[in-house]
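Results of the structural survey
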Amino acid sequence: MTSYVIVGASRGLDYQYLKTLSASPSNIVIGLARSPAPVQSKVSADNLPSNVHILHGDLTDPSSLNVAAAQVSKITSGAVDYLIINGALLPYETAHLGPLDFAGNEQAFMEELNASMSTNVAGVMWTVNAFINLVKNSNVKTVIFISSCMADTELIGITGIAAAVPYAVSKAGANVVVAKYAALYKSTGVVFLALGPGFVQTQAEDPDNVPPELAAVQDAFTVAFRKYEPGLRGPILPEESVRMQLEVIKGITIKDSGKFLSHLGTKKML
Ligand SMILES: NC(=O)c1ccc[n+]([C@@H]2O[C@H](COP(=O)([O-])OP(=O)(O)OC[C@H]3O[C@@H](n4cnc5c(N)ncnc54)[C@H](OP(=O)(O)O)[C@@H]3O)[C@@H](O)[C@H]2O)c1
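Source: prediction; values computed, not measured. (Residues numbered from 1 in each chain as written. Predicted model: local features only at pLDDT ≥ 70, side-chain atom pairs only at ≥ 80, totals over all residues. Heavy atoms only, no water.)

Tracing the sequence through the fold places Gln201 in the loop between strand E6 (191–196) and helix H7 (212–226). Since its relative accessible area comes to 7%, Gln201 is described here as buried. For Gln201, the side chain forms a polar contact with the main-chain nitrogen of Ala204, separated by 3.3 Å. Excluding anything up to four places from it in sequence, Gln201 contacts Pro207, Val210, Leu214, Gln218, Pro235, Ile236 and Pro238. (Helix = DSSP H or I, 4+ residues; strand = E, 2+ residues; numbered from the N terminus. Buried < 20%, exposed > 50% of the residue type's maximum accessible area, 1.4 Å probe, protein only. Polar contact = N/O pair within 3.5 Å; in protein donor to acceptor, adjacent residues only side chain to side chain. Contact = heavy atoms within 4.5 Å.)

Given below as structure tokens:
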């Protein structure tokens, strides 16, 4: 059996990981969510197989992650093959704001920056610290942090996207945290990777019926992203992103530890 722990498992790419991975009976898939009951109900409603387990875990609460690691250890007999840290704070209401928009509104910026750093940077550290001994006990020894193209400075320069500052800064910070762990664990064979998932349709309930406001935001991002990748059609579906991410994850070795790659398996983000 191959064990996967997906941290942040309630919706979007996180939940897609549960669906995709649980389709293989040789996998044990454990999702951590800050509100496990509704996720468990969704898992039952969607008839996901019995190899899916949902536990409580909050990226901002280290003790919840330590408790979850102890519970995971019992389910997987003390080892975790793949730890995938997917959950993140994505403040969509302020995602259109650039650095100058916070002039005179510094407190709002600091509140969002602190919340983003707490979930998206410190949360990654608390998760790795809680699970690293289980990862070391596996033969696979792989830790994946789901990053973002918004943290890629080349993409920022080419697209001119100046918005989503706290989110992008936190994702860039977590990429550095990943590199720090890679440096720390190089001799033990644990592989750490920051992985961009591409531009993915995760916010619409029905991808064939995207609400106009969301469609307008996605269209604006598509136009900007086309300066970086002219052939971009628009956001891809979660199924496609997760399938491509898993191909990358299966192909990495210790030589890749600490890198920031995308679902394409390269430094090109889209
Ligand atoms: N969609 C894209 O185009 C895109 C692009 C680049 C990167 N990403 C990255 O991909 C990952 C998934 O994004 P998504 O689009 O699927 O986002 P999403 O649909 O908004 O899902 C965010 C997930 O994070 C969880 N989460 C938030 N705060 C948490 C906490 N404190 N503890 C545990 N879980 C927490 C949420 O759980 P709750 O339901 O409890 O809130 C939810 O499951 C994120 O890391 C994001 O930065 C996405």
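As a further point, take the nonpolar core. Burial of nonpolar side chains together is a common tendency in soluble globular proteins. Of all hydrophobic cores here, the largest spans 48 residues; its most connected members are Val5, Leu32, Leu83, Phe131, Phe192, Phe225 and Leu270. Residues within four places of Phe131 in sequence aside, it is in contact with Val5, Leu32, Leu65, Ala68, Ala69, Val72 and Leu83. Counting 30 residues, the second largest nonpolar core, distinct from the first, contains Ala9, Leu13, Val43 and Leu195. (Core = buried A, V, L, I, M, F, W, Y, C linked by side-chain atoms within 4.5 Å.)

What follows concerns the environment of His56. Take His56: it is sitting in strand E3 (residues 52–56). Of the residues examined, His56 reaches a relative accessible area of 36% and is grouped as partly exposed. In this structure, the C-alpha to C-alpha distance between His56 and Ala37, residues 19 residues apart in sequence, is 8.9 Å. Once residues within four sequence positions are removed from consideration, His56 is found in contact with Leu32, Ala33, Arg34, Pro36, Ser64 and Ala68.

Turning our eyes to something else, we now look at the pairing of E6. When you tally the buried positions in E6, you get six out of six residues, the bulk of the element. In E6, alternate side chains face the same way, and those of Val191, Leu193 and Leu195 on one face and Phe192, Ala194 and Gly196 on the other are all buried. Across five bridges, the pairing between strand E5 (residues 142–146) and E6 is parallel. The residue bridging Ile144 from the neighbouring strand is Leu193, located in E6. Across three bridges, the pairing between E6 and strand E7 (residues 260–262) is parallel. Looking across to E7, one finds that Gly196 is bridged to Ser262. (Pairing = 2+ DSSP bridges.)

Going through the model one piece at a time under the given rule, you end up with six aromatic pairs. Their ring planes at 65 degrees and their centres at 4.9 Å tell us that Phe102 and Phe109 sit as a pair that is edge-to-face. Taking relative accessible area as the criterion, Phe102 reaches 7% and is therefore assigned buried. Phe109 gets classed as buried once you look at its relative accessible area, which sits at 18%. Seen from their ring centres, Phe199 and Phe225 are 5.0 Å apart, and the 75 degrees between their planes marks the pair as edge-to-face. On the criterion of sequence distance, the pair formed by Phe199 in the loop between E6 and H7 and Phe225 in helix H7 is long-range, its members being 26 residues apart. Summarising the burial analysis for this pair, Phe199 and Phe225 share the class buried. Linked through ring pairs, Tyr181, Tyr185 and Phe192 together constitute an aromatic cluster. For Lys42, the ring lying beneath its charged end belongs to Tyr15, and the centroid distance is 4.3 Å. (Phe/Tyr/Trp six-rings, centres within 6.5 Å; stacked < 30°, edge-to-face > 60°. Lys NZ or Arg CZ within 6 Å of the ring centre and 35° of its normal.)

An order of E3-E2-E1-E4-E5-E6-E7 is seen for the seven strands of this open sheet, with the pairing classed as parallel. At either margin of the open sheet sits one strand with a lone partner, and together these are E3 and E7. The mean angle between the axes of side-by-side strands here comes to 25 degrees, regardless of whether they run parallel or antiparallel. Two strands pair when backbone bridges link them, and strand E1 (residues 2–7) and strand E2 (residues 27–33) are joined in this way by six bridges, in the parallel orientation. Counted as the bridge partner of Val7 is Leu32 from E2. Sheet contacts for helix H2 (residues 36–45): E2 and E3; angle to E3, the most-contacted strand, approximately 165 degrees. Along the sheet, helix H6 (residues 165–185) contacts E5, E6 and E7; its crossing angle with E6, the most-contacted strand, is approximately 160 degrees. (Axes fitted to C-alpha atoms, helices over the stretch in contact; angles between N-to-C directions.)

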